[in-house]
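The chain contents come next:
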Amino acid sequence: NRRIEETAEFTQRRELIQEKWSWQELKDGKPFRRFQVDFGSGQANAAKREDQEIKSWSDNVEVEPGRTFVGFGIVLAIKNLRERLISGEKIEVKTVGFTPKPRSVSVEISHTGLEQMRMSDRTPRGDHFVIRPKIPRIVKLFINVPDTSIWLVNPTPAGFLRMEGPLLEPSDPMIRVDLLSGGESGPAKPVSR
């Protein structure tokens with residue numbers, strides 16, 4: 001029995017600014033993992049149950065207001081950058097990754113095309129965006145950080161449609177989160193415009 005909860009706070013000025021983020025996982029009603037970022041102070045914390053005890057990590061991370069996003073905040077950033085990305089621009093933003101220790105990471109976001117996918121009894125279309133971590137080569141020898149894919153509804157307004165990637169930590173299993181639940185979910189396939 002597993003339960004996951006994500007909470008985030010944002011300010012919308014001229015640009016979207018993420019203020020706070022937290023994510024926690026309960027297994028059988030007991031805390032298993034908890035991650036938090038306070039964007040104002042740059043403080044990031046992690047706690048994870050390992051061998052029946054909770055281990056904790058804390059660190060200051062690099063935060064650029066309006067350019068650093070975590071969790072669902074990245075989806076909102078893509079939504080705001082959608083037109084630039086669809087026109088072919090690759091945009092770099094920052095995030096905080098957890099291994100489980102918190103770390104500042106740059107990611108490159110790009111648009112790969114329009115796709116449709118089976119979701120329950122529908123086949124919605126979505127713009128496919130790839131989030132690729134920019135990891136130094138030496139670090140890649142020790143840790144594999146997979147890409148994450150996000151689809152936003154097409155035509156606009158561009159709301160969340162699907163996410164595929166690791167649950168949270170790079171070593172987590174790859175998961176798929178669909179907007180429409182219920183029936184079977186199928187892979188995305190390119191659509192000619």
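Before any of the text, the structure's been laid out above.
Residues numbered from 1 in each chain as written. Predicted model: local features only at pLDDT ≥ 70, side-chain atom pairs only at ≥ 80, totals over all residues. Heavy atoms only, no water.

In this structure the tally under the stated criterion is 4 aromatic pairs. Between Trp21 and Phe98, the ring centres sit 5.8 Å apart and the planes meet at 25°, which makes this aromatic pair stacked. Taken together, the residues span a long stretch of sequence, with Trp21 in strand E2 (residues 16–27) and Phe98 in strand E6 (residues 91–98) at a distance of 77 residues. With relative accessibility at 3%, the residue Trp21 sits in the buried group. Ring centres of Trp23 and Phe35 lie 5.8 Å apart, and the angle between their planes is 45°; on these two criteria the pair is classed as tilted. Of this pair, Trp23 sits in strand E2 while Phe35 sits in strand E3 (residues 30–38), and the two are 12 residues apart along the sequence. (Phe/Tyr/Trp six-rings, centres within 6.5 Å; stacked < 30°, edge-to-face > 60°. Helix = DSSP H or I, 4+ residues; strand = E, 2+ residues; numbered from the N terminus. Buried < 20%, exposed > 50% of the residue type's maximum accessible area, 1.4 Å probe, protein only.)

Attention now moves to the nonpolar core. Counting 21 residues, the largest nonpolar core has Ile78, Leu85, Ile109, Ile131, Ile150 and Leu152 as its most contacted members. Of all the secondary structure elements, the ones that give two or more residues to this core are helix H1 (72–86), E6, strand E7 (102–116), strand E8 (125–134), strand E9 (148–153) and strand E10 (160–166). The element contributing the most residues to this core is H1, with 6 residues. Apart from residues lying up to four places away in sequence, Ile109 is in contact with Ile78, Leu85, Glu89, Lys90, Ile91, Val93, Phe129, Val130 and Ile131. If you look at the next biggest cluster of nonpolar residues, it comprises 12 residues, including Trp23, Ala46, Val61 and Val96. (Core = buried A, V, L, I, M, F, W, Y, C linked by side-chain atoms within 4.5 Å. Contact = heavy atoms within 4.5 Å.)

Without other data, these values stay purely geometric and don't point to any function.
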